[in-house]
Amino acid sequence: MQPYYVTTPIYYVNDEPHLGHIYTTIAADVLARHHRLSGDDVFFLTGVDEHGQKVQQAAEARNIEAIELANQVVKRYESLWPELSISNDDFIRTSSDRHKAGVCAMWNRLLENGSIYKGFYEDWYCVPCETYWTETQLKDADCLEAMICPDCKRTVEKIQEESYFFKLSEYQDKLLAYIADNPDFIAPESRKNEVLRFIESGLRDLSISRTTFSWGVPVPNDEGHVIYVWIDALSNYLSALGFPDETENMKHWPADLHLIGKDILRFHAVYWPAMLMAAKLPLPKRVFAHGWWTVEGEKMSKSKGNALRPADLLAQYESDTLRYFLLREVPFGADGDFSHDSLKQRYNTELANDVGNLLNRSLSMLHKYRDGILPIVGEEQTQDRALIADIEAMQREVEIHLNNQAFHLAIERISQVVRHGNRYVAENEPWTLAKQGNETRLNTVLYHLVESLRLIAVQLSPFMPVKTQQMLEQIMNKDVIVEDLRFHDVAGWGLLESGHQCQKPSPVFPRMD
Ligand code: MSP
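Residues numbered from 1 in each chain as written. Predicted model: local features only at pLDDT ≥ 70, side-chain atom pairs only at ≥ 80, totals over all residues. Heavy atoms only, no water.

**Q** Let's hear about the sheet that holds strand 16 (residues 336–338): which residues, and what values?
**A** Read across the open sheet, the three strands follow the order 15-14-16; overall the sheet is mixed. Of all the strands in the sheet, just strand 15 (298–299) and strand 16 have a single pairing partner and so form its edges. (Pairing = 2+ DSSP bridges. Helix = DSSP H or I, 4+ residues; strand = E, 2+ residues; numbered from the N terminus.)

Structure representation (structure tokens):
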């Protein structure tokens with residue numbers, strides 16, 4: 001079995017989960033499920049980022065200990081993920097001992113390899129982004145006078161403190177060479193160019209410890225210092241596998257894919273690979289930065305109170321509908337807008353009308369004309385072979401689209417087959433065949449419809465595990481478990497045997513008003 005390791009960012013615990021957090025996690029889940037179907041040995045990691053000044057301040061504002069705040073938010077995530085059918089193999093907390101051991105091991109490696117030295121930091125810091133800024137960077141972005149962060153435009157603070165530094169400046173050329181040699185390392189292309197511009201503009205050594213607050217992992221042998229939260233957080237991708245121990249799970253390193261939002265690309269595509277180079281560890285194969293969601297045309301923000309909360313969304317929509325919409329509506333990598341109208345419209349057109357209708361009419365006709373029993377196929381005609389060829393092409397192309405994280409194209413390719421199926425019904429008019437007593441042709445058409453639906457459901461199952469479970473129960477039988485399916489066993493045409501009894505259709509995609 002081929003290992004496949006996919007990660008999400010670990011989410012800060014100063015805020016409740018929102019749309020942005022579920023988006024990346026759903027995307028990672030679809031890939032994890034697809035790779036399990038392919039027979040890969042999947043490790044899918046998500047978790048929380050508990051340390052840092054921002055979290056400490058959020059806890060102070062609530063008059064509680066940071067760990068208490070973290071515990072509360074962790075509970076929310078732990079109950080949320082099953083509701084969204086998230087199939088993560090592990091959940092890493094940065095306050096856990098296993099993670100701290102990984103971070104300290106990483107620190108010690110960097111130290112032993114001569115990549116860390118002690119100095120004095122005197123510049124600016126953005127707490128919401130947990131990012132350092134030089135005076136020149138602020139000036140160049142016209143942010144110095146207002147003392148605001150060039151990224152998030154919130155107030156930056158001046159820091160003057162003793163600090164450890166990571167020799168990031170030594171990695172400028174090595175990173176440029178690595179990115180040139182590995183064209184798939186950073187995606188999408190536009191983001192890669194951003195990273196290249198950033199590196200080319202010059203890398204300065206990175207301050208990697210703080211002394212003015214205490215909520216974090218202490219620097220080994222110098223406890224007055226806390227390790228910079230991004231060094232701490234990035235190490236999660238290794239600590240979760242058991243690093244530095246040679247555990248069984250370490251076979252998953254290097255990660256196949258880090259999925260992240262565009263705002264945290266620099267940390268994943270510059271700092272993290274440089275750290276790994278310094279620690280003499282292999283680099284992740286790919287970092288994909290997705291875009292940001294607005295809500296009904298507006299930027300989501302706590303102050304506006306328009307942040308979409310998963311609990312509210314789940315009260316309104318089924319989880320599979322959300323999963324489908326988020327990945328279908330916007331090309332992964334681009335920014336997009338969440339609107340309730342477009343969600344409903346997409347659901348009604350593509351799911352209720354197209355998939356739901358194909359399922360209902362096919363199974364209804366199978367019951368009406370054959371008591372739900374799959375007939376023996378007669379001689380195939382050109383249009384039957386065209387349907388099968390389309391399905392086989394879909395299977396190959398979905399694979400390619402998902403390898404490129406082009407979720408919307410993968411879904412669109414499946415939809416094409418669904419529309420093809422509905423066209424096939426219209427062209428063959430099974431009701432006319434029945435009236436004419438053309439039993440052989442009717443048998444062939446009914447079989448092709450149901451078998452197509454089975455293969456469509458298998459391809460859709462990573463996106464909509466609950467709905468496709470229902471579809472497959474009606475087509476195959478009650479014992480099907482989508483999570484246990486493997487392409488190797490189920491993806492071939494013609495595996496449903498004649499004589500098989502299908503269930504009566506019951507609506508899987510009822511129309512939404
Ligand atoms: N803790 C860091 C990540 C450390 S990974 C080693 C962090 N956490 S976060 O909770 O602030 O953000 C997590 C993710 O949410 C980021 O990838 C960010 O891009 C994403 N999103 C936040 N708002 C978003 C939208 N409005 N739309 C889509 N994604 C958004 O950063």
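**Q** How would you sum up the packing of aromatic side chains? Please name residues and give values.
**A** A complete count under the given rule lists 27 aromatic pairs for this structure. Judged by centre distance (5.3 Å) and plane angle (85°), the rings of tyrosine 23 and tryptophan 293 are edge-to-face. Here tyrosine 23 is found in helix 1 (residues 19–37), whereas its partner tryptophan 293 is found in strand 14 (residues 293–295), with 270 residues between them in sequence. Given the relative accessible area of 1%, tyrosine 23 is considered buried. A relative accessible area of 6% means that tryptophan 293 is categorised as buried. Relative to tyrosine 271, the ring of phenylalanine 267 lies with its centre 5.4 Å away and its plane at 85°, an arrangement referred to as edge-to-face. With a gap of four residues between them, phenylalanine 267 and tyrosine 271 both fall in helix 10 (residues 265–278), about one helical turn apart. Each member of the pair, phenylalanine 267 as well as tyrosine 271, is classed as buried. (Phe/Tyr/Trp six-rings, centres within 6.5 Å; stacked < 30°, edge-to-face > 60°. Buried < 20%, exposed > 50% of the residue type's maximum accessible area, 1.4 Å probe, protein only.)

**Q** Pulling in residues and values, what's your account of the site of the ligand?
**A** Lining the immediate surroundings of the ligand are 23 residues, of which Ile10, Asp49, Gly261, Asp263 and Trp293 lie closest. Aspartate 263 places a polar side-chain atom, nitrogen or oxygen, 2.4 Å from an oxygen atom of the ligand. For the ligand, whose unbound accessible area comes to 660 Å², protein coverage reaches 94%. For the shell around the ligand, the elements supplying multiple residues, two or more each, are strand 1 (3–12), helix 1, helix 8 (229–234), helix 9 (236–239) and strand 12 (257–261). Here the element with the most residues in the shell around the ligand is strand 1; it accounts for four residues. Partitioned by chemical class, the residues of the shell around the ligand number 13 nonpolar, eight polar and two charged. (Near = heavy atom within 4 Å. Polar contact = N/O pair within 3.5 Å; in protein donor to acceptor, adjacent residues only side chain to side chain. Areas by Shrake-Rupley, 256 points an atom, 1.4 Å probe, with all protein chains shown as cover. Nonpolar A, V, L, I, M, F, W, Y, C, P; charged D, E, K, R; others polar.)

**Q** Can you lay out the pairing of strand 12 for me, pointing to particular residues and giving the numbers?
**A** Burial runs high along strand 12: five of the five residues are buried. In strand 12, alternate side chains face the same way, and those of Leu257, Leu259 and Gly261 on one face and His258 and Ile260 on the other are all buried. Pairing of strand 1 with strand 12 involves two bridges; the strand directions are parallel. Across the sheet, residue threonine 7 finds its bridge partner in strand 12, namely histidine 258. Relative to strand 13 (residues 287–290), strand 12 runs parallel, the two being bridged by four bridges. What sits directly across from glycine 261, in strand 13, is histidine 290. Since strand 12 and strand 13 lie parallel, the crossover through helix 10 that links them has a hand, and here it is right-handed. (Right-handed = clockwise from strand over helix to strand, strands pointing away.)

**Q** Tell me about helix 10, residues and numbers included.
**A** For helix 10, built from 14 residues, the straight-helix expectation of 20 Å at 1.5 Å per residue is met to within 8% by its first-to-last C-alpha distance of 19 Å. Along helix 10, the sharpest kink reaches roughly 25°, centred on tyrosine 271 and followed within four residues by the proline proline 273. Of all the 14 residues making up helix 10, 14 are buried; the element is thus mostly covered by neighbouring parts of the structure. At the exit of helix 10 stands lysine 280, carrying a positive phi of roughly 60°. (Expected span 1.5 Å × (residues − 1). Bend = angle between axes of the 7 residues up to and from the residue.)

**Q** Break down the sheet that holds strand 6 (residues 157–166) for me, with residues and values.
**A** Ordered by their spatial adjacency, four strands build an open sheet running 5-4-6-8, and the pairing between neighbours is antiparallel. Strand pairing shows two members of the sheet lacking a second neighbour, strand 5 (131–133) and strand 8 (206–207), which therefore form its edges. As judged from the three bridges shared by strand 4 (residues 116–126) and strand 5, these two strands associate in the antiparallel manner. The residue bridging tryptophan 124 from the neighbouring strand is tryptophan 133, located in strand 5.

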